[in-house]
Amino acid sequence: MADNGSVQGATIYAVEEYSVHEEPYYLPIGDEVQLFETAYRQRIPVLLKGPTGAGKTRFVEYMAYRLGRPMMKISSRTGEEVEHRMPLITVACHEDLTASDLVGRYLLDTDGTRWVDGPLTRAVKVGAICYLDEVVEARKDTTVLIHPLTDYRRLLPIEKLGQVIEAADGFLLVISYNPGYQSALKDLKHSTRQRFIAIEFNYPPREAEAQIIAHESGCDERTAMDLARLGEKVRNLKEHGLGEGVSTRLLVYAGRLIAQGIAPRRACQVAITWALTDDSEVQRSIEEVVTSIFE
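Bear in mind that the values here come from a model prediction, so they are computed numbers and not experimental data.

A. Up close: the overall build of the protein. Secondary structure summary: the protein contains 11 helices and 13 strands in total. Here the protein holds 295 residues, and 46% of them are scored as buried. Taking the contacts inside the protein whose residues are at least 6 apart along the sequence as the reference set, 68% of them involve residues at least 24 apart. Of the roughly 15,600 Å² that the protein leaves accessible, carbon and sulfur atoms contribute 47%.

And the structure:
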């Protein structure tokens, strides 16, 4: 990855120079890799749907690495030849996210005003994958500005500059959202949805999830399988007051604690039970499931 420097041990990158340099661990469950690769070649925007912690973000990172075209370029900072891969620009969407946050804005400095590109503009210019995570959290007027980028035009209008930018080769827009949080106020407009192909994510089957837990946490295979069983059983509690099932991410956290010597039931309490809910009744139900597996 292109390094723009460091501050007290933290490495800093320009947003358009960040790339996934090491292959992330991702276990394909269906044909999602083939679908994404085909969409990328055909310049078709991609919508990822699925619950929290089901692997959507990891999948995007994996695909950015897999699709990356390693090449050598001269670093603008050091003047040395460095490896360059496909940039990945991720934007965590929230209710206060504005069009200016994505496209750019004028800022005041000692020399007056200057224009600063937003992350979407930078992605369009350099041909990056731009990932808008939980896009339904953003204001509805914000999502409209992506429409010209998601059809044959592949254009980004910047009204404040009076410019229209044509997306560079390699640019792909990827968005995600969690249908479990869907409501009348937080849903994609049909005019937006129908500009993407949609790939659905869910929690993996028990054996695959156990494999993921073992790899990511470092716990033994038996513990990983027990945690995968726990995940299945806890997700069945959604009909009994649990807002959302336990994510693979939380199961991995529990596995990490166990691998470091924390007692399994205590690890599950802090990583799963208390993390999922504050409802005492639901907590007791989860604790009963934990006890049935980790006696």
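B. Broad picture of helix α11 (residues 280-293). When the terminal C-alpha atoms of α11 are compared, their 20 Å separation across 14 residues agrees well with the 20 Å that a helix rising 1.5 Å per residue should span. Taken residue by residue, α11 has Val-282, Gln-283, Ile-286, Val-289, Val-290 and Ile-293 as its buried positions. Angular distribution of buried residues about the axis of α11 spans 120 degrees; they occupy a single face of the element. Structural note: α11 exposes Glu-281 and Glu-288 on the side pointing more than 90 degrees away from its buried face. Buried residues in α11 make contact with α8 (221-235) and α10 (264-276).

C. Fine view of the pairing of strand β12 (residues 172-177). For β12, a buried count of six out of six residues is recorded, marking the element as mostly surrounded by other parts of the structure. Of the two faces of β12, the one carrying Leu-172, Val-174 and Ser-176 and the one carrying Leu-173, Ile-175 and Tyr-177 are both buried. Taken together, the four bridges between strand β3 (residues 46-49) and β12 define a ladder with parallel strand orientation. Across the sheet, Leu-47 pairs through a bridge with Ile-175, a residue of β12. Relative to β12, strand β9 (residues 129-133) runs parallel, the two being bridged by four bridges. Within the sheet, the bridge partner assigned to Leu-132 lies in β12 and is Ile-175.

D. Region of interest: the nonpolar core. Formed by 30 residues in total, the largest nonpolar core has its most connected members in Leu-120, Leu-132, Leu-156, Phe-171, Leu-173 and Ile-175. When contributions to this core are tallied by element, the ones reaching two or more residues are β6 (88-92), α3 (99-103), α4 (119-126), β9, β10 (155-158) and β12. If near-sequence neighbours (up to four positions away) are discounted, Leu-156 is found in contact with Val-103, Leu-120, Thr-121, Val-124, Leu-145, Leu-149, Gln-163, Val-164 and Ile-165. With 26 residues, the next largest nonpolar core counts Leu-251, Val-252, Ala-271 and Ile-272 among its residues.

E. Quick look at the confidence of the model for the protein. Within the protein, residue pLDDT values average 87, and 86% of them lie at 70 or more. With pLDDT under 50 throughout, residues 71-75 is counted as low confidence; its partners more than four residues away or in other chains account for 16 contacts.

F. Summary view of the pattern of salt bridges. One pass over the structure, following the stated rule, counts 13 salt bridges. A salt bridge links Asp-101 to Arg-105; its shortest N-O distance comes to 3.0 Å. Given a relative accessible area of 31%, Arg-105 falls into the partly exposed group. Among the ionic pairs, Glu-281 bridges to Arg-284, the shortest N-O distance being 2.4 Å. Residue Glu-281 and its partner Arg-284 are located together in helix α11, separated by three residues, close to a single helical turn.

The rules behind these values
Residues numbered from 1 in each chain as written. Predicted model: local features only at pLDDT ≥ 70, side-chain atom pairs only at ≥ 80, totals over all residues. Heavy atoms only, no water. Helix = DSSP H or I, 4+ residues; strand = E, 2+ residues; numbered from the N terminus. Buried < 20%, exposed > 50% of the residue type's maximum accessible area, 1.4 Å probe, protein only. Contact = heavy atoms within 4.5 Å. Areas by Shrake-Rupley, 256 points an atom, 1.4 Å probe, with all protein chains shown as cover. Expected span 1.5 Å × (residues − 1). Arc of directions from axis to C-beta. Pairing = 2+ DSSP bridges. Core = buried A, V, L, I, M, F, W, Y, C linked by side-chain atoms within 4.5 Å. pLDDT = per-residue confidence, 0-100. Salt bridge = Lys/Arg side-chain N within 4 Å of Asp/Glu carboxyl O.

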